[in-house]
Amino acid sequence: MSSLNITSEIGTLKRVILHSPGPEIEAMTPKEAEQDLYNDIIPLSAVRGEYDRLKAFLDTVAKTYEVSELLAQTLANTGDRLEFLSTLAGLCPIGDRIDELMSMAPDRLARGIIQGIPAPAGSLASALNPHSFSVRPLPNAYFMRDSAAVFRDCAISCATAFDVRLIESLVTRFIFRHHPDFLARGLLFDGPRERNRFMTLEGGDIIVISPRVLAMGISERTTPDAVQRLAVSAARSFDEPMTLFAVLLPKERATIHLDMVFTVIDRDAALVYAPVILDRNKARVIRVEARSSGEVAMTDVPDLIEGLKSEGVDLEPIRCGSGDSLFQEREQWWSGANSFAFAPGQIVMYSCNSRTVDALSERGFALRTASDFISGGEKTSSFGRLVVTFEGIELARGGGGARCMTMPVERENL
């Protein structure tokens, strides 16, 4: 029986999958940064130092798991390892190296899949470039949110928009299919199998509002066909109607996913980037009603906040950058609207977004740093509304925030 359970964005966190950045971060040159979806190259030492603070804090409130360790545990089964490598061979030139890779220790193979497996000596690829890989490193892997998501007791295996991230989806799908502690009851969407130029979907565009309601971004990474496909699949899998609010995002670098402009932070509050969610030129929002029969009905709603209110979810929008025309844009670029809730009304986010933190303080959120809890000096249970900050300016240069870097797999129901 599946132990996965995600029915909201804010239920008390019990288990979360992470990936601590490693050598894959420094396996790119400045010329390769853009094709690897980075705003800039970043030094591992700085990124790891910032990330370790996030992980150390999350260790105080929930059970954390490293994806590389889960992958290694799943690869320990010989039959499962062969299945994974055979699938990987459809994306990477390893068909004639299967025996070699099968003989590797599971933990070493798991590291290689994430950090990269060099092209073999004597190959043409290696002769042309000594830094060639048979399996390219996955520098985006620490943005765990995008390759998969959990909704209720099922998994959503994402169809990443760019080839550079597709192996991440193979890894998380493999874990949800084979790891005994993370078995999904089923897949609502099988990204690696269903992916084509009209069908892409990433986890940053999936916001779980309630057991029956999702908000989803239609973005440069997620297509309308994939959104409708997921809505119908969820209705059929759970045998009940599903409501989905599709938000048509600007196709810009700063708004690659819905969670870059909207995150739920309490039962009655959301952190928003006003130009997309609230202002005059806000994003178009379509309410999608899906039934288990496959029928779909669609209607426009004024905006996401009003649409959710019609479902009984009344969220006060708290503006990234305090709504200041200059600072809301600067702080949204630093993932100021991308917070991660670890309990109702308790979130973690980057400290560099000071105007956003001030706006939260004005709404009754206590302010503390991750260090306050890591040291044992404070307990999150002592607070009501709470913002926990950690330094993350180098992480932000990678293009995401605290929500992007976390894949929750189990929360308490509200």
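Residues numbered from 1 in each chain as written. Predicted model: local features only at pLDDT ≥ 70, side-chain atom pairs only at ≥ 80, totals over all residues. Heavy atoms only, no water.

(A) View of the pairing of strand β14 (residues 296-301). Pairing of strand β13 (residues 285-290) with β14 involves six bridges; the strand directions are antiparallel. Paired with Val285 across the bridge in β14 is Val301. Count of turn residues in the β13/β14 antiparallel hairpin: five residues, of which Gly294 carries a positive phi of about 100 degrees. (Pairing = 2+ DSSP bridges. Helix = DSSP H or I, 4+ residues; strand = E, 2+ residues; numbered from the N terminus.)

(B) Inspection of the environment of Thr64 at higher detail. With respect to the helices, strands and loops of the structure, Thr64 is situated in strand β2 (residues 63-66). Among the residues examined, Thr64 registers a relative accessible area of 13% and is labelled buried. In this structure, the C-alpha to C-alpha distance between Thr64 and Thr406, residues 342 residues apart in sequence, is 9.7 Å. Ignoring sequence-local partners within four residues, the contact set of Thr64 consists of Val16, Leu18, Lys55, Leu58 and Asp59. Of the polar contacts made by the side chain of Thr64, one reaches the side chain of Asp59; its length is 2.4 Å. (Buried < 20%, exposed > 50% of the residue type's maximum accessible area, 1.4 Å probe, protein only. Contact = heavy atoms within 4.5 Å. Polar contact = N/O pair within 3.5 Å; in protein donor to acceptor, adjacent residues only side chain to side chain.)

(C) Focus on the pattern of salt bridges. Throughout the structure, instances matching the rule amount to 33 salt bridges. Between Arg152 and Glu240 there is a salt bridge whose closest N-O contact spans 2.9 Å. Residue Arg152 is located in the loop between β5 (148-151) and β6 (154-157), and its partner Glu240 is located in the loop between α10 (224-238) and β10 (242-248); the two are separated by 88 residues in the primary sequence. Residue classification places Arg152 among the buried residues on the basis of a relative accessible area of 17%. Accessibility expressed as a relative area gives 23% for Glu240, which makes it partly exposed. (Salt bridge = Lys/Arg side-chain N within 4 Å of Asp/Glu carboxyl O.)

(D) Local environment of unusual backbone geometry. Positive phi, normally seen in glycine, also occurs at Arg152, with a value near 60 degrees. Phi angles above zero are rare outside glycine, and Ser335 is one such case at about 65 degrees. Among the secondary structure elements, Ser335 is positioned in the loop between α13 (327-333) and β16 (340-343). Judged by relative accessible area, Ser335 falls into the buried class, the value being 2%.

(E) Here's a closer look at the packing of helix α3 (residues 67-75) against helix α6 (residues 106-115). Running from N to C, α3 and α6 cross one another at 130 degrees; their axes reach a closest spacing of 8 Å. Relative to α6, the element α3 lies oblique. You can see that α3 and α6 cross each other, and the crossing is right-handed. Counted together, Val67, Ser68, Leu71, Ala72 and Leu75 of α3 and Pro106, Asp107, Leu109, Ala110, Ile113 and Ile114 of α6 form the full contact between these two elements. Counted by class, the contact of α3 with α6 contains nine nonpolar, one polar and one charged residues. (Axes fitted to C-alpha atoms, helices over the stretch in contact; angles between N-to-C directions. Parallel < 35°, antiparallel > 145°, perpendicular 65-115°, else oblique. Left-handed = near helix turned anticlockwise from the far one by under 90°. Nonpolar A, V, L, I, M, F, W, Y, C, P; charged D, E, K, R; others polar.)

(F) A look at empty space enclosed by the protein. Enumeration according to the criterion identifies four cavities of 30 Å³ or more in this entry. By volume, the largest cavity amounts to about 190 Å³. Leu37, Arg253, Ile256, Gly398 and Gly399 are, among the 18 residues lining the largest cavity, the residues nearest its centre. Residue classes in the lining of the largest cavity are distributed as eight nonpolar, six polar and four charged. (1 Å grid on protein atoms, 1.4 Å probe; cavity = no way out; pocket = protein on both sides within 12 Å on 5 of 7 lines; lining within 4 Å. Points joined across faces, edges and corners; volume = space filled by probe spheres on them.)

(G) Representation of the side chain of His19 within the structure. With respect to the element layout, His19 can be found in the loop between β1 (13-18) and α1 (30-33). At 2.8 Å, the side chain of His19 and the side chain of Glu24 are in polar contact.

(H) How the structure looks around helix α2 (residues 44-58). Here α2 is 15 residues long and its end C-alpha atoms lie 21 Å apart, about the 21 Å a rise of 1.5 Å per residue gives. Those residues of α2 that sit buried are Leu44, Val47, Glu50, Tyr51, Leu54, Lys55, Phe57 and Leu58. The buried residues of α2 occupy an angular sector of 165 degrees when projected down its axis, which confines them to one face. (Expected span 1.5 Å × (residues − 1). Arc of directions from axis to C-beta.)

(I) Representation of the packing of aromatic side chains within the structure. Summed over all chains, the structure comprises nine aromatic pairs. Judged by centre distance (4.2 Å) and plane angle (35 degrees), the rings of Tyr142 and Phe143 are tilted. Taking relative accessible area as the criterion, Phe143 reaches 4% and is therefore assigned buried. Each ring, one from Phe373 and one from Phe383, has its centre 6.0 Å from the other, and the planes form 70 degrees; the classification is edge-to-face. Residue Phe373 is found in helix α15 (residues 370-374), and its partner Phe383 is found in the loop between α15 and β19 (386-390); the two are separated by 10 residues along the sequence. (Phe/Tyr/Trp six-rings, centres within 6.5 Å; stacked < 30°, edge-to-face > 60°.)

(J) Structural view of the sheet that holds β5. Strand order in the open sheet made by the three strands is β5-β6-β7, with mixed pairing throughout. In the strand order of this sheet, the two ends are held by β5 and β7 (187-190), each with one partner. Neighbouring strand axes in the sheet, compared pairwise and without regard to direction, differ in orientation by 20 degrees on average. With three bridges joining them, β6 and β7 adopt parallel strand pairing. Bridge assignment links Ile156 to a residue of β7, and that residue is Phe189. Packed on one face of the sheet, helix α8 (residues 166-178) meets β5, β6 and β7 and runs near 155 degrees to β7. In the packing of α10 onto the sheet, contacts are made with β5, β6 and β7, and the angle to β7 comes to roughly 155 degrees.

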